[in-house]
Amino acid sequence: MTKPSPLANAIRALSMDAVEKAKSGHVGLPLGMADAATVLFSEFLKFDAADPQWPDRDRFVLSAGHGSMLLYSLLHLTGYPGMTIEEIRNFRQLGSKTPGHPEYGHTPGVETTTGPLGQGLANAVGMAIAERHLNARFGDELVDHRTYVIAGDGCLMEGISQEAITLAGHLKLNKLIVLFDDNNVTIDGSITVADDTDQGRRFRSAGWNTLAVDGHNPDAIRGALLSAQSSDKPTMIACKTIIGFGAPTLAGTGPAHGGPYGADEIAGIRKAIGWPHAPFEVPADILGRWREIGARGAKAHADWKKRYAASENHSAFLDIMAGKLPHGVNEAMDAHKRKTVDAAKSDATRKWSGAALEVLTPLIPEMIGGSADLTGSNNTRTGATHALTPENYSGRYIHYGVREHAMAAAMNGMALHGGVIPYSGTFLVFSDYSRPAIRLGALMGIRVVHVMTHDSIGVGEDGPTHQPVEHVASLRAIPNLLVLRPADGVETAEAWEVALARTTGPSLLALTRQNVAPARKHHPRDNMVEKGGYVLSPASKPEKVVLIATGSEVEVALAAQAKLEAEGIGARVVSLPSFELFEAQGTGYQHEVLGHNLPRVAVEAGVRSGWDRWIGPEGGFVGMTGFGASAPAKTLFQHFHITADAVVKAAKERI
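In this text the structure is predicted, and so the values were computed from the model without any measurement.

**Some thoughts on unusual backbone geometry**
So, point 1. If you check the backbone angles, Asp373 has positive phi at about 65° while not being a glycine.
So, point 2. Mapped onto the secondary structure, Asp373 falls in the loop between strand 9 (367–371) and helix 16 (375–378).
So, point 3. Owing to a relative accessible area of 54%, Asp373 belongs among the exposed residues under this scheme.
So, point 4. If you check the backbone angles, Asn480 has positive phi at about 65° while not being a glycine.
So, point 5. With respect to the helices, strands and loops of the structure, Asn480 is situated in the loop between helix 19 (471–476) and strand 13 (482–484).
So, point 6. For Asn480, a relative accessible area of 32% corresponds to the partly exposed category.

So, in structure tokens, the structure goes:
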């Protein structure tokens, strides 16, 4: 075995010292992959540690996020801003820049939040898509970089990895390079206790270039990375490593995966790798060499800045990387909403979403749409969005196939890369497949738009397997996810305006399959969805009750209002398309909309969970208490008593 280099050993030492001090963490991967990471960072990765946001840097994703000390050690050694030795000492401590798993926006140099295995790999596919698309738009002078990933056995066992690697192979993302930590060990022991997959054959069958090397031989690693640079396919390099490299009793075993090793084992590693230095001590000559590596990309960065300054695309590139929307969008959407009001047409909100996208996508070239094999149902493709293919990366529509999880995670990666605004569609019931990636997008606070159609028992004949009941409530429970359930064409257009303007987190549009009648008969200049809730129809008689609804059930609430007022019972109707936005308005506005000391009845074709925040435990709720059934939509609404008569009954019981 090749003697480990002092550069790699600095990674090992900092990683084991940090985990040992914290009495928590995972040192097996840093010990095993230090050699591969050293070759990658010192010879191949294009980066400038002084500017972690350089747009044309290579992206590095540690998909196996439990091995975070590998990344933190590299960020400290190469001189990323703020990544001091004190941050390494404070690994896993409150307020440090070195949390248990890498967190985007928290630590300079961390490109994405990883930890849930496989997510980082799928994020990287999205980053590679964004790079190829922007290269097609702006050329090599501004966009020409690679995406590198370190992934482990766990990443490749997770189902999302199959979706991600087959999508990457199909799109021939040749600037995507995965270093597989092929150590044959999981927490439970040898990988053979659970898996016999030949990963090389698996990747090759998905259209990848594959290589296998000794992960502790820098020359072999270097040769593989050189070969990968010229591949016309994405490349997976299987690096055969020893987990817990150097540990006298734990190396190559399941227990090497994580946890502090203890003083004796750490002393044994120091002896095995020839590192006699005290904890957290890196000799000046070794640190100096690492800092030179951190500055190695400064010239390439300076050259890029010159090309950028001279480029005719300077302003456009600046705006898209900053996430700015082009001028004219608000005016175009205002005209669209007026046209929608004038048309007074009943239609499905998924179709109204498609109509809004026909206005938006020609004006916002950064928008890249897609669907998980449901394009015609989701209405996400427009005349301005041609397919993105290996032959045409300038396309703006991705056929994700039946890959909901990887679709959502790839969109996260695209948003993280910058320069694009990803949106895509599937059925709302399949948000269950996307949920882990949706949650991570919310945690990272990135702009992604999830178009979820067929949002209730209104799906009809496909039955309860395809009818969301608990989904809207469960999605509202995710912090920083903006759930929007618009009632008609105007609210749908306003929901798109809100989603595109929001740069601090993902948005999800829950849209109907079935037609809904227009709710907004007039078009105010203000975006009412932006407030989360508003009085759609005031009472015309002495007010006795407040009816609150979302989406397709606003129509039910309006019909109930008419019945109540025909009996002399005044009722206002409140449209509440977004709980989150309404919550943000403050109690003054909430009381103004919901009324003071009036009974409240909510109607939504889902479960009650979450509604008591607005109606109180004594409030009435007309909705679902179980799963749906297979029948035409109108029959189902009658069968489950989501009707104007049921709302009237609930209102009268509380007046």
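**Points about the environment of Trp275**
So, point 1. Relative to the helices and strands, Trp275 resides in the loop between helix 10 (263–273) and helix 11 (284–295).
So, point 2. Residue class for Trp275 comes out buried when judged on its relative accessible area of 2%.
So, point 3. With 263 residues separating them in the primary sequence, Trp275 and Arg12 have C-alpha atoms 9.5 Å apart.
So, point 4. Leaving out residues up to four positions away in the same chain, Trp275 has contacts with Pro6, Asn9, Ala10, Ala13, Arg270, Glu281, Val282, Pro283 and Ile286.

**Describing the pattern of salt bridges**
So, point 1. Under the defined criterion, the tally for this structure stands at 31 salt bridges.
So, point 2. Put simply, Arg12 and Asp35 hold a salt bridge, and the shortest N to O gap is 2.6 Å. Here Asp35 lies in helix 2 (residues 28–44) and Arg12 lies in helix 1 (residues 6–22), a separation of 23 residues in the sequence. Of the two residues, Arg12 and Asp35, both sit in the buried class.
So, point 3. Between Glu604 and Arg476 there is a salt bridge, with its nearest N and O atoms 2.8 Å apart. Of the two residues, Glu604 is situated in the loop between strand 19 (600–603) and helix 24 (612–615) and Arg476 in helix 19; the sequence distance between them amounts to 128 residues. The same class applies to Glu604 as to Arg476, namely buried.
So, point 4. A single salt-bridge network, built from bridges that share partners, covers Asp455, Arg476, Arg485, Glu553 and Glu604.

**Here we look at the pairing of strand 14 (residues 507–510)**
The side chains of a regular strand alternate between both faces of the sheet.
So, point 1. Residues Ser507 and Leu509 point to one face of strand 14 and Leu508 and Ala510 to the other, with burial holding for every one of them.
So, point 2. One ladder, built from four bridges, connects strand 12 (residues 449–453) with strand 14; its direction is parallel. Counterpart to Val451 in the pairing with strand 14 is Leu509.
So, point 3. Two strands pair when backbone bridges link them, and strand 13 and strand 14 are joined in this way by three bridges, in the parallel orientation. Residue Leu482 lies in a different strand from strand 14, and its bridge partner there is Ser507.
So, point 4. The handedness of the strand 13 to strand 14 crossover, carried by helix 20 (residues 489–501), is right-handed.

Criteria and thresholds
- Residues numbered from 1 in each chain as written.
- Predicted model: local features only at pLDDT ≥ 70, side-chain atom pairs only at ≥ 80, totals over all residues.
- Heavy atoms only, no water.
- Helix = DSSP H or I, 4+ residues; strand = E, 2+ residues; numbered from the N terminus.
- Buried < 20%, exposed > 50% of the residue type's maximum accessible area, 1.4 Å probe, protein only.
- Contact = heavy atoms within 4.5 Å.
- Salt bridge = Lys/Arg side-chain N within 4 Å of Asp/Glu carboxyl O.
- Pairing = 2+ DSSP bridges.
- Right-handed = clockwise from strand over helix to strand, strands pointing away.

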